[in-house]
Amino acid sequence: MKKILSLILAVGSFAAVAAGPSVELEKANIQPDNLVSLQNGAKLYVNYCMGCHSLEFQRYERMAKDLEIPNEIVIQNLMVTGDKIGEQMKIAMDKKDAAEWFGAAPPDLTLVARVRKNGVDWLYSYLKGFYRDETRPYGVNNTVFPNVGMPHVMENLQGVQVKTDDGKLELVEQGSMTPEEYDQAVLDITNFLHYVAEPMKSDRREIGVYVLMFLLVLFGLAYLLKKEYWKDVH
Ligand code: HEC
């Protein structure tokens, strides 16, 4: 009995360690209807992320339509592997090679904004959370995802951060963007990944408005009908 109890305790404490200390996430105030932000996010994603991360459940054509980007521009600027516009946003990198290079294969990111808890805030904080750590293979670590296998791919934009003794991040070397510009860039990528995870969301909202208007009209008619039926009863 004692053995079982200590086993349970041991497993419990292991689970607590595995969950890790929860870091505070920064709030991402994305604007799902802001086309400029979504378009910029798509551009940044293709340029900085799609070397490693596919979006297998998203098609170029759908993205072009939803984000109101002309097909020709998508074909010329946003298609990296020379696919047809009707195809999914796949990548050329082999998963096995990638696992060897990075220790873990870069996952597909189509659904990441939905799969991660507080996905939008998590993504935003993750992309802002890289800091210098010489003990890591790529010289960087991450506050939100400790010991991540991903290099800081936007370091030339953001610059170099270090972790201070109180656990905060400090920019010690600025990249080509100001901190405000980098925040906006990261917000746009986050906005884009939020859209990709649920491309129907804006449609649903539109449909919702029609449904409410319909219900309102129906209510009006029902009320008139009720008055008609009851007018002789009194
Ligand atoms: C050079 C390849 C490479 C590039 C480019 C890259 N990543 Fe990664 N990324 C990785 C690897 C490898 C992992 C897996 C890390 C692990 O599991 O330790 C990863 C993990 C992630 C994760 C965590 C996924 C999860 O839920 O586990 C997110 C989110 C992510 N990357 C976003 C991005 C974004 C956004 C960009 C573009 C700004 C980007 N990555 C560019 C290699 C890359």
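- An unreviewed UniProt entry lists the protein under the name Ubiquinol-cytochrome c reductase cytochrome c1 subunit, with Permianibacter aggregans as the source organism.
- In its Subcellular location (unreviewed entry) section, the UniProt entry covering the protein states "Membrane".

A short note on a nonpolar patch on the surface
Then, in step 1: On the surface, a nonpolar cluster with roughly 590 Å² of combined accessible area is contributed by Ile207, Val211, Leu212, Phe214, Leu215 and Leu218.
Then, in step 2: Relative to the elements of secondary structure, Leu212 occurs in helix H10 (residues 201-230).
Then, in step 3: Judged by relative accessible area, which is 58%, Leu212 ranks as exposed.

Description of the packing of aromatic side chains
Then, in step 1: As enumerated under the stated definition, the model contains eight aromatic pairs in all.
Then, in step 2: Relative to Phe192, the ring of Tyr45 has its centre 5.7 Å away and its plane inclined at 45°; by these criteria the two rings are tilted. A residue pair is termed long-range when its members are at least 10 positions apart, and Tyr45 in helix H2 (residues 35-48) and Phe192 in helix H9 (residues 179-197) qualify at 147 residues.
Then, in step 3: A relative accessible area of 0% means that Tyr45 is categorised as buried.

Description of the coordination of the iron atom of the ligand
Then, in step 1: Listed as protein donors to the iron atom of the ligand are His53 (NE2) and Met150 (SD); their distances from the metal cover 2.0 to 2.1 Å.
Then, in step 2: Around the iron atom of the ligand, the six donor atoms sit at angles spanning 88 to 180°, and that spread fits a shape best called octahedral. Residue His53 is located in the loop between H2 and strand E1 (55-59), and its partner Met150 is located in the loop between strand E4 (140-142) and helix H8 (155-158); the two are separated by 97 residues in the primary sequence.
Then, in step 3: Residue classification places His53 among the buried residues on the basis of a relative accessible area of 11%.
Then, in step 4: Residue Met150 is classed as buried on the basis of its relative accessible area of 17%.

Thresholds applied
- Residues numbered from 1 in each chain as written.
- Predicted model: local features only at pLDDT ≥ 70, side-chain atom pairs only at ≥ 80, totals over all residues.
- Heavy atoms only, no water.
- UniProt positions renumbered as here; feature names shortened; annotations may be inferred.
- Patch = residues over 30% accessible without salt bridge, like charges linked within 9 Å, V, L, I, M, F, W, Y side chains within 5 Å.
- Areas by Shrake-Rupley, 256 points an atom, 1.4 Å probe, with all protein chains shown as cover.
- Salt bridge = Lys/Arg side-chain N within 4 Å of Asp/Glu carboxyl O.
- Helix = DSSP H or I, 4+ residues; strand = E, 2+ residues; numbered from the N terminus.
- Buried < 20%, exposed > 50% of the residue type's maximum accessible area, 1.4 Å probe, protein only.
- Phe/Tyr/Trp six-rings, centres within 6.5 Å; stacked < 30°, edge-to-face > 60°.
- Donors = N, O, S within 2.8 Å, 3.2 Å for Na, K, Ca; no water.
- Tetrahedral: all angles 85-135°; square planar, octahedral: opposite > 155°, others 65-115°.

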